[in-house]
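As a plain string of letters, each chain reads:
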Amino acid sequence: VQLQASGGGLVQAGGSLRLSCAASTRTFSRYVMAWFRQAPGKEREFVAVISRSGGRTYYADSVKGRVTISRDNAKSTVYLQMNSLKPEDTAVYYCAADVTEVIRTHGDEYDYWGQGTQVTVSS
């Protein structure tokens, strides 16, 4: 499956962005979907994950309460709504997919990755 992330950009601290990740598959509902991010000079880190049906979500402590992951299986798309953005949220954001029933937070466990979209938060 191919993943196409979009929606990144430059925003001031306190602002909002919504990232989208469109998947090129008719079996999108078979995939657990997640977002990860990587800031310059830092390791990739988990942001959020959503179950196949969308009924379960899990977030990194660093974004909990500010970020919401959602999905539209009819559109084969997963979203990441980010509010109250902080300069430390600046990173390239990647969506990832895994054919599994299990919610996973480690990037090595995901088989498919999007190309990334840059989010820059100015102070």
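Residues numbered from 1 in each chain as written. Predicted model: local features only at pLDDT ≥ 70, side-chain atom pairs only at ≥ 80, totals over all residues. Heavy atoms only, no water.

We now examine the overall build of the chain. A tally of regular secondary structure across the chain gives zero helices and eleven strands. In the chain, the order of α-helices and β-strands from amino to carboxyl end is β-β-β-β-β-β-β-β-β-β-β. Scaling as 2.2 N^0.38, a compact globule of 123 residues should have a C-alpha radius of gyration of about 14 Å, and the chain matches this with 13 Å. Projected onto its principal axes, the C-alpha positions of the chain cover 40 × 25 × 25 Å. Put simply, of all contacts in the chain between residues at least 6 apart along the chain, 58% involve residues at least 24 apart. When the accessible surface of the chain is split by element, carbon and sulfur atoms take 43% of a total near 6300 Å². Across the chain, the 14 positively charged side chains and the 11 negatively charged ones have centroids separated by 7 Å. (Helix = DSSP H or I, 4+ residues; strand = E, 2+ residues; numbered from the N terminus. Rg over C-alpha atoms; globule rule 2.2 N^0.38 Å. Contact = heavy atoms within 4.5 Å. Areas by Shrake-Rupley, 256 points an atom, 1.4 Å probe, with all protein chains shown as cover. Lys, Arg positive; Asp, Glu negative; His and termini not counted. Charge placed at Lys NZ, Arg CZ, Asp CG, Glu CD.)

Within a beta sheet, neighbouring strands are joined by backbone hydrogen bonds and run either parallel or antiparallel to one another. Spatially, β1-β3-β8-β7 is the arrangement adopted by the four strands of the open sheet, whose pairing is antiparallel. Looking along the sheet, the strands with just one partner apiece sit at the ends: β1 (3-6) and β7 (67-72). Neighbour to neighbour, the strand axes of the sheet diverge by 15° on average, direction disregarded. The pairing of β7 with strand β8 (residues 77-82) spans six bridges and is classified as antiparallel. When the bridges of β8 are listed, Asp 72 appears paired with Thr 77. (Pairing = 2+ DSSP bridges. Axes fitted to C-alpha atoms, helices over the stretch in contact; angles between N-to-C directions.)

Scanning the model with the defined rule gives one disulfide in all. A disulfide bridge connects Cys 21 with Cys 95, and the sulfur atoms are separated by 2.1 Å. Linking Cys 21 and Cys 95, the disulfide has an S-S dihedral of approximately 60° and is accordingly described as right-handed. You can see Cys 21 sitting in strand β3 (residues 17-23) and its partner Cys 95 sitting in strand β9 (residues 91-99), a full 74 residues away along the chain. (Disulfide = S-S within 2.5 Å.)

All right, on to the packing of aromatic side chains then. Within the structure shown, the criterion is met by six aromatic pairs. Note on Tyr 31 and Tyr 112: the rings are 6.0 Å apart at their centroids and 75° apart in plane angle, and the pair reads as edge-to-face. With Tyr 31 in strand β4 (residues 31-38) and Tyr 112 in strand β10 (residues 112-113), this residue pair connects regions lying 81 residues apart in the sequence. Looking at Tyr 31, the relative accessible area reads 8%, which means it is buried. Taking 5.8 Å as the distance between ring centres and 70° as the angle between the ring planes, the aromatic pair formed by Phe 36 and Phe 46 counts as edge-to-face. Within this pair, whereas Phe 36 is found in strand β4, its partner Phe 46 is found in strand β5 (residues 45-50), the two being separated by ten residues in sequence. Across the pair, Phe 46 and Phe 36 agree in class, each one buried. Each residue in the set Phe 36, Phe 46, Tyr 58, Tyr 110 and Trp 113 is aromatic and connected to the rest through ring pairs, giving one cluster. (Phe/Tyr/Trp six-rings, centres within 6.5 Å; stacked < 30°, edge-to-face > 60°. Buried < 20%, exposed > 50% of the residue type's maximum accessible area, 1.4 Å probe, protein only.)

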